[in-house]
Amino acid sequence: MSIMATFREVRDLLAVACFEDIIDEDEFLLLWDLNTSKNLDFPYEDYGRFDLDEMDDSECLAEFRVKKRDLPYLAAALRIPNQFVCHQRSVADGMEGLCMLLRRLSYPCRYSDMIARFGRPVPVMSMVTNTVLDYIYTTHSHRILQWNQTILQPAQLQLYADAVSLKGAALNNCFGFIDGTVRPICRPGEHQRLVYNGHKRVHALKFQSIALPNGLIANMYGPVGKYTGTQVFVFERGVPPSVQKMKYIYGIIGIKKSPPQENPRDILVLNVSQPITT
């Protein structure tokens with residue numbers, strides 16, 4: 001397997017070639033410019049490679065938001081492989097790749113902030129992080145994009161409904177709550193109107209989900225660009241027949257100046273087996 005030389009190695013060879021009069025100064029300057037990265041040149045080689053054993057529990061919790069002793073369990077649950085190989089042949093250990101993703105997802109964080117911990121160039125950390133993210137999405141996205149029988153079987157739904165009812169809810173068979181989020185994106189070159197969000201004043205993609213009383217996301221819908229109300233969410237998703245037995249999900253049609261308690265029309269109670277009524 002051939003290994004590509006880095007920009008720095010090529011520049012070192014060019015300096016030697018110019019010193020030995022293999023190339024002249026004009027060729028040297030031209031090739032030097034072509035082999036200079038547009039990325040900032042961080043001294044990543046001054047830092048050691050990532051070693052989880054050298055980190056204590058407080059550092060793991062602060063940087064990864066996961067305790068050190070729980071990282072192996074998380075890797076096993078996500079079925080993280082022994083190593084990740086990027087498209088340009090960069091290789092990262094499975095635990096290192098997972099920790100890169102966790103560090104990247106902790107807020108606030110930029111790739112340049114991760115150099116001291118992982119001792120890798122910014123482009124490599126970016127590729128490794130995206131590779132891990134793609135792997136997790138490919139392997140586990142069906143758990144929230146499709147009806148997850150593990151947490152949404154009828155017996156579990158009854159537990160959720162009982163938990164909601166015990167908190168004083170008006171309904172005794174409401175198992176979930178619709179919520180949404182708007183994620184801003186760069187302005188596209190085409191079809192800008194389709195993704196422009198007038199409420200947030202940004203171009204954005206919208207996601208909607210059903211949240212369970214235990215805090216888990218039961219089902220995710222999106223991304224969509226145009227306005228998608230709660231009704232569209234329910235009609236387009238559909239609900240399995242096993243749930244169509246007088247189970248409800250709760251949502252709010254829109255955000256008004258008055259609280260929902262003062263304007264009952266803002267409250268939306270959805271019977272998953274019957275037409276929508278407000």
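Not measured: the values here are computed from a predicted model.

**Q** Tell me what's going on with the nonpolar core, and back it up with residues and numbers.
**A** Core analysis: the biggest nonpolar cluster contains 30 residues, and F64, L71 and F118 have the highest contact counts within it. Where this core is concerned, the elements lending two or more residues are α3 (57–64), α4 (71–77), α5 (94–105), α6 (115–118) and α7 (122–140). Among all residues touching F64, those that are not within four sequence positions of it are F50, M55, E59, L71, C99, L102, R103 and F118. Counting nine residues, the second largest nonpolar core, distinct from the first, contains W147, Y160, L212 and A218.

**Q** With reference to specific residues and values, describe the environment of F175.
**A** On the secondary structure map, F175 appears in strand β3 (residues 174–184). Judged by relative accessible area, which is 1%, F175 ranks as buried. F175 sits 38 residues away from P213 along the chain, and the two C-alpha atoms are 7.4 Å apart.

**Q** I'd love a proper account of a negative patch on the surface, names of residues and values included.
**A** A cluster of like negative charges, contributed by D24, E25, D26 and E27, occupies part of the molecular surface. Along the chain, D26 falls in helix α2 (residues 25–34). Given the relative accessible area of 62%, D26 is considered exposed.

Basis of the calculations
Residues numbered from 1 in each chain as written. Predicted model: local features only at pLDDT ≥ 70, side-chain atom pairs only at ≥ 80, totals over all residues. Heavy atoms only, no water. Core = buried A, V, L, I, M, F, W, Y, C linked by side-chain atoms within 4.5 Å. Buried < 20%, exposed > 50% of the residue type's maximum accessible area, 1.4 Å probe, protein only. Helix = DSSP H or I, 4+ residues; strand = E, 2+ residues; numbered from the N terminus. Contact = heavy atoms within 4.5 Å. Patch = residues over 30% accessible without salt bridge, like charges linked within 9 Å, V, L, I, M, F, W, Y side chains within 5 Å. Areas by Shrake-Rupley, 256 points an atom, 1.4 Å probe, with all protein chains shown as cover. Salt bridge = Lys/Arg side-chain N within 4 Å of Asp/Glu carboxyl O. Lys, Arg positive; Asp, Glu negative; His and termini not counted. Charge placed at Lys NZ, Arg CZ, Asp CG, Glu CD.

This is a description of form; function is not addressed.
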